[in-house]
Amino acid sequence: MEKSINETKPQTAFEKISPAFPGCDHCIVFCADDGYMDLTYVSIKSIINHADTSEYYDILVFHGGIDSAHEDIYRDDFGKYDNIRVRLADVSSIFDGQDLYTENRDSFRREAYFRLVTPWILTEEYKTALYLDGDMLIRKDITPLFDTDLGDNLLGAVKDYWGICNCYMPHDPRRAYRISIGLDDIDTYVISATLLFNLSKWREQFSLEEVIRVCASKKWQQHDQDVVNILCHGSTVFLSATWGMIEDYGNNRFLPEYMYKEVQENGGDPAIAHFGGERKPYRKKHVRYDMEFWKCAEDTPYMGSLFGRIKSTEHRYYLAHVLDRTGIEHVPSKDGTDLYYKGVLLGKEKYGFQKYKVIQIRDNVLHLECSVGYYGLCDGDTLSVEMIADGVRHAPIKTHPETVWNRTVRSVYTGIVAVFELPLTDSGKMRSIRIAAKADGEETPLSRIKYQRFAELSGRFKNDYYAHNGWIVQREKGGQSIIVRKVLPGLILGKEICLLSEVRKSKKVLGAQKAFVLRLASDIVRPFVRKPIWLISDRMNHADDNGEVFYRYLKKYHKRDVRAFFLLLPDSPDYERMKELGDVIAPFGWRHKMLSLLAEWSVSSQIDTVYRDPFRDYGHPYRDILRKTRFVFLQHGVISADMSRLLDKDRQELDGFITSTPKEYASILNGDYHYTDEQVWLTGLPRFDRIEDHREKVVTVMPTWRSYLFIGQNSATGEWDVKGGFENSRYARFYHDLMHHPRLREAASRLGYRVQFKCHPTCEGHVEKFGFDENVALVPEGTTYADIFSKSALLVTDYSSSIYDFVYLRKPVVYTHFDEDEFFSGAHMYDKGYFDYEKDGFGEVAYTLEDTVEAIIRYMETDCALREPYKTRIEETFPDRSANHCEQIYRKIKLKGRY
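The present account deals with the structure reproduced in this document. As the structure is a prediction and not an experimental result, all values here were calculated from the model.

**Focus on the overall build of the chain**
A count of helical and extended segments in the chain gives 30 helices and 39 strands. Here the C-alpha atoms of the chain give a radius of gyration of 32 Å, agreeing with the 29 Å that 2.2 N^0.38 yields for 899 residues. Looking at the chain alone, contacts between residues at least 24 apart form 74% of all its contacts between residues at least 6 apart. With 121 positive and 135 negative side-chain charges, the chain shows a spacing of 8 Å between the two charge centroids.

Given below as structure tokens:
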């Protein structure tokens, strides 16, 4: 039963705290227990690192009883400053006998409520007190906060933007809960991490006993934060988000527009970074400002404690190398050499693991692709790998260094990808195969074995198997080896029954029970499939790309040979047009999932996993079946840059990679993509078959996207969610200014041209963030690319690969490289490749807004006539425009067939 708010309980007497400096009427407060003293130390140190020597910093840490070692550390380290005092105070007696609810969160302690009694712990000489959470990094001087005019309000606080957004999310229970406790003004709820107390007003309005009673009166879901909002509702000055910025988890987009702007306007360079939720530097790699945190913590007495919080061995190796590689200690042990950093065990000197990438039977040959890698190798150590089959060692037929695309960890991890082929005989003998690795000539155990997303086994079930043409591949008991043998059909059926039984009973694998039903259904239906099933797609919410063109070709010319289906969401603007062709299915529905288990090929202009695996996180029970569906990447355009970070074989495992020009073909085949001429096909794009030239006086501005301005792809819709601050990015500002440029508008009007903007499909749902006025012509929704290329006389782009469709028609282009440094910095997925825009490009390259405008006007003044040397370059790139590109692709696919 909840306690009455009117109950009274005498409190234990305690000695109030007076200011540390005469005349200083404000202080900074933290609350901590033993487990939070290390983090609080770093927060205090970050305050000191940005302190103004002309100001006083009176810092108090409230606790409920801590180890005396903390007191010694704080006293010794913080006692050397003339203008800074750090004092620890045990205030737990105030809450003696009170039941403070904390049970709904493992990491939450009753000390969090201590902040709420700050006004009665301090003497009346204090006017204001600033409470800060201990998981904050202070990045600027804190004293300007004390200049906040609180008036007659109780509190200054930052709105809980990162919780308010949940109140606007469909089906999220947070809104209902806050309303249930009387906080129906959702937009005014504050976070209790940064609180500026108007101490006298608190003492006037409440008694200590009243505040404690509220704290203990209910099982608050958000504990002290709920209490703060109950007590201070309608009496709070809202502080800027810069005083407590939490990184966007991807939900801020649900905020009302005015609140979203408040966060974005103040989040670019926050005064305080709050590591709220799971994104804490010791839990996740690459958290925003994490290296600032570790640099602040590095030379403190608590570095070992903080480093010990990191659970991931790989994270520990990474951090130790980035911070201070020379600080890693090598300590001999019984089974090798252990590595320590700051007294914390990293792991073995050679900590390695293996990843199976591809396990296939091809014409009675086992084709095996895997990688091995180590953390903790010394500089100069070599790495080699062998396959051991029944005790016989086999060298790989091909190797290359494993790509680690986070460039900051390349010195930490060393890996090698190896390809093996083992001829098999029909003797029925079981072959036992394992991978052995040598680091600096010494064979070292591989402690972890993983099966990557394109491996035929998932590693999640003991009855995992892959079968092909009478051969079966399984994991050996213990998981260190795989076994291969020739079997009769009845044994394969038996393995399927065992796997189905295990899937049905599984409690650990997501969606296992549904997988049992769907996998069984596919087993039953598969013998009755008479024609090869091909799944064709562009984006899930749009057609009008190479996928649509190829689908139309199949429907017109190969309807008898192939049963083709097109994937498209019903609310797509292209749905009705595509539905007329027939066999259009909704992505991720049961029909799509069933067809994915029956399909021979998946063919798409897009590369993301959602376009070839409808199960997403639930796909482990289908791994062997899904890998029998082979994937052709039609591409969205022609690759001019180095996109191996996105498209290399280790990451994507493409069975067909479409290219359009000899230079592009050579760049893929000879670059760091690791494909062979079996997978890379020089056929040209399907779109080339449909483009025609019916030019009008139209200039189309059509940029590509920037991956670093987006959070990630929504797996349910295929759309990308934009990061906060998009509208203030160089990208958005440039195209805003270009489309509003007065000279460009005047010239277009004078010369009779329409300048229109075509948003990249990734940005289409966010076009309003460019801030265009009503005079900016946007390409109407539903307009096909073919129509754009046909009617436009000039195309203006930055790095869009779609430009090749346009120059295929012998029309001029203008490149605008206003952010070349940023675009090729590694933040986006492109690196500079074989294509030099100045030497190989099909139009002028402009680097500023004014130069871009000038180039466009010059073309309009000459009726957009194609000039040299660009005309010659285009002719050399596309000497033959009579090729039937769809037919070439179809023949390539049919030639490949199944293994």
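**Overview of helix α29 (residues 870–877)**
Listed as buried for α29 are Y870, R873, I874 and T877. Summarising the axial view, the buried residues of α29 lie within an arc of 100°, below the 170-degree limit, and thus occupy one face. The inward-facing, buried residues of α29 abut α21 (662–670), α25 (803–807), α27 (837–840), β39 (843–846) and α28 (849–861).

**Side note on the sheet that holds strand β11 (residues 336–341)**
Across the sheet, which stays open at both edges, the 3 strands sit in the order β10-β11-β12 with antiparallel pairing between neighbours. Both outer strands of the open sheet, β10 (328–333) and β12 (344–348), are each paired with one neighbouring strand and no more. On average, each strand axis in the sheet is inclined to that of its neighbour by 35°, with strand direction left out of account. Here β10 pairs with β11 via 6 bridges, running antiparallel.

**A word on the pattern of salt bridges**
Tallied over the entire structure, the rule returns 52 salt bridges. Between K201 and D152 there is a salt bridge whose closest N-O contact spans 3.3 Å. Here D152 lies in the loop between β5 (136–138) and β6 (155–159) and K201 lies in helix α6 (residues 199–205), a separation of 49 residues in the sequence. Judged by relative accessible area, which is 61%, D152 ranks as exposed. Here R519 and E496 are joined by a salt bridge, their closest N and O atoms 2.9 Å apart. With R519 in helix α14 (residues 512–525) and E496 in helix α13 (residues 489–505), this pair connects stretches of sequence that are 23 residues apart. The residues R519 and E496 share a single accessibility class, namely buried. A single salt-bridge network, built from bridges that share partners, covers R139, K140, D269 and E292.

**As for a negative patch on the surface**
On the surface, a cluster of negative charge is contributed by D34, D67, E71 and D90. Residue placement: D67 occurs in the loop between β2 (57–63) and α2 (68–78). Classification of D67 as partly exposed rests on a relative accessible area of 41%.

**A look at the nonpolar core**
Counting 161 residues, the largest nonpolar core has F62, L132, I142, W202 and W294 as the members making the most contacts within it. For this core, the leading source of residues is helix α1 (residues 37–49), giving 7 residues. With near-sequence residues (within four places) excluded, I142 lies in contact with I28, I47, Y57, L130, L132, W243 and I272. Within the second largest apolar cluster, 51 residues are counted, among which are V562, L685, Y804 and Y890.

**Points about the environment of G65**
Turning to its location among the elements, G65 is positioned in the loop between β2 and α2. Given the relative accessible area of 38%, G65 is considered partly exposed. Once the C-alpha coordinates of G65 and N469 are considered, the two residues, 404 residues apart in sequence, prove to be 69 Å apart. With near-sequence residues (within four places) excluded, G65 lies in contact with D34 and D90.

**Considerations on the pairing of strand β19 (residues 431–439)**
If a strand is regular, its side chains alternate between the two faces of the sheet. Here 7 bridges tie strand β15 (residues 383–389) to β19, and the two strands are oriented antiparallel to one another. Each bridged residue has a counterpart across the sheet, and for S384 the counterpart in β19 is K438. Two elements, β19 and strand β24 (residues 482–486), share 3 bridges in a ladder whose sense is antiparallel. Pairing of R431 across the sheet is with V484, part of β24. Here 2 bridges tie β19 to strand β20 (residues 442–443), and the two strands are oriented antiparallel to one another.

**Some remarks on the packing of α13 against α14**
Where α13 meets α14, the axes come as close as 7 Å, and the angle between the chain directions of the two elements is 155°. Viewed along their axes, α13 and α14 adopt a mutual orientation that is roughly antiparallel. Crossing hand, α13 versus α14: left-handed. Residues E496, L499, L500, V503, R504 and K505 of α13 touch α14, and the partners they reach there are A512, Q513, A515, F516, R519, L520 and D523. In terms of residue class, the contact of α13 with α14 is made up of 7 nonpolar, 1 polar and 5 charged.

**Quick notes on the sheet that holds strand β36 (residues 777–778)**
Taking strand neighbours across the sheet as the criterion, the 6 strands line up as β36-β35-β32-β37-β38-β39 in an open arrangement whose pairing is parallel. Of all strands in the sheet, those with a lone pairing partner are β36 and β39, marking the two edges. When strand β32 (residues 698–701) meets strand β35 (residues 754–757), the two strands line up parallel, connected through 4 bridges. When the sheet's bridge partners are listed, V699 is paired in β35 with V755.

**A short note on the packing of helix α22 (residues 730–739) against α28**
It is the contact of α22 with α28, at a shortest axis distance of 10 Å, that shows an interaxial angle of 40°. On the basis of their axis angle, the class for α22 and α28 is oblique. Along this stretch, α22 crosses α28, giving a crossing that reads as right-handed. Residues F734, D737 and L738 of α22 touch α28, and the partners they reach there are L849, T852, V853 and I856. Residue composition of the contact of α22 with α28, by class: 5 nonpolar, 1 polar and 1 charged.

**Some thoughts on the side chain of R316**
Mapping R316 onto the fold places it in helix α12 (residues 313–324). Buried charged residue R316 carries no salt bridge. Nearest counter-charge: D338, at 11 Å.

**Here's the deal with the packing of aromatic side chains**
A complete count under the given rule lists 48 aromatic pairs for this structure. When the ring of Y785 is compared with that of F789, the centres are 6.0 Å apart and the planes differ by 35°; the resulting orientation is tilted. Of the two residues, Y785 and F789 are both situated in helix α24 (residues 785–791); the distance of 4 residues between them amounts to about one turn of the helix. Of the two residues, Y785 and F789, neither departs from the other in class, the shared state being buried. Arranged with centres 5.1 Å apart and planes meeting at 80°, the rings of F835 and Y837 form a pair that is edge-to-face. A residue is classified by how much of its surface remains accessible, and F835, at 10% relative accessible area, is buried. Put simply, the rings of F688, Y799, Y804, Y808, Y815, F823, Y834, F835, Y837, F842 and F878 touch in pairs and so form one group of aromatic residues. Above the ring of Y189, the side-chain terminus of R178 is found at 3.5 Å from the ring centroid.

About the cut-offs
- Residues numbered from 1 in each chain as written.
- Predicted model: local features only at pLDDT ≥ 70, side-chain atom pairs only at ≥ 80, totals over all residues.
- Heavy atoms only, no water.
- Helix = DSSP H or I, 4+ residues; strand = E, 2+ residues; numbered from the N terminus.
- Rg over C-alpha atoms; globule rule 2.2 N^0.38 Å.
- Contact = heavy atoms within 4.5 Å.
- Lys, Arg positive; Asp, Glu negative; His and termini not counted.
- Charge placed at Lys NZ, Arg CZ, Asp CG, Glu CD.
- Buried < 20%, exposed > 50% of the residue type's maximum accessible area, 1.4 Å probe, protein only.
- Arc of directions from axis to C-beta.
- Pairing = 2+ DSSP bridges.
- Axes fitted to C-alpha atoms, helices over the stretch in contact; angles between N-to-C directions.
- Salt bridge = Lys/Arg side-chain N within 4 Å of Asp/Glu carboxyl O.
- Patch = residues over 30% accessible without salt bridge, like charges linked within 9 Å, V, L, I, M, F, W, Y side chains within 5 Å.
- Areas by Shrake-Rupley, 256 points an atom, 1.4 Å probe, with all protein chains shown as cover.
- Core = buried A, V, L, I, M, F, W, Y, C linked by side-chain atoms within 4.5 Å.
- Parallel < 35°, antiparallel > 145°, perpendicular 65-115°, else oblique.
- Left-handed = near helix turned anticlockwise from the far one by under 90°.
- Nonpolar A, V, L, I, M, F, W, Y, C, P; charged D, E, K, R; others polar.
- Phe/Tyr/Trp six-rings, centres within 6.5 Å; stacked < 30°, edge-to-face > 60°.
- Lys NZ or Arg CZ within 6 Å of the ring centre and 35° of its normal.

The analysis is restricted to geometry; functional conclusions fall outside its scope.
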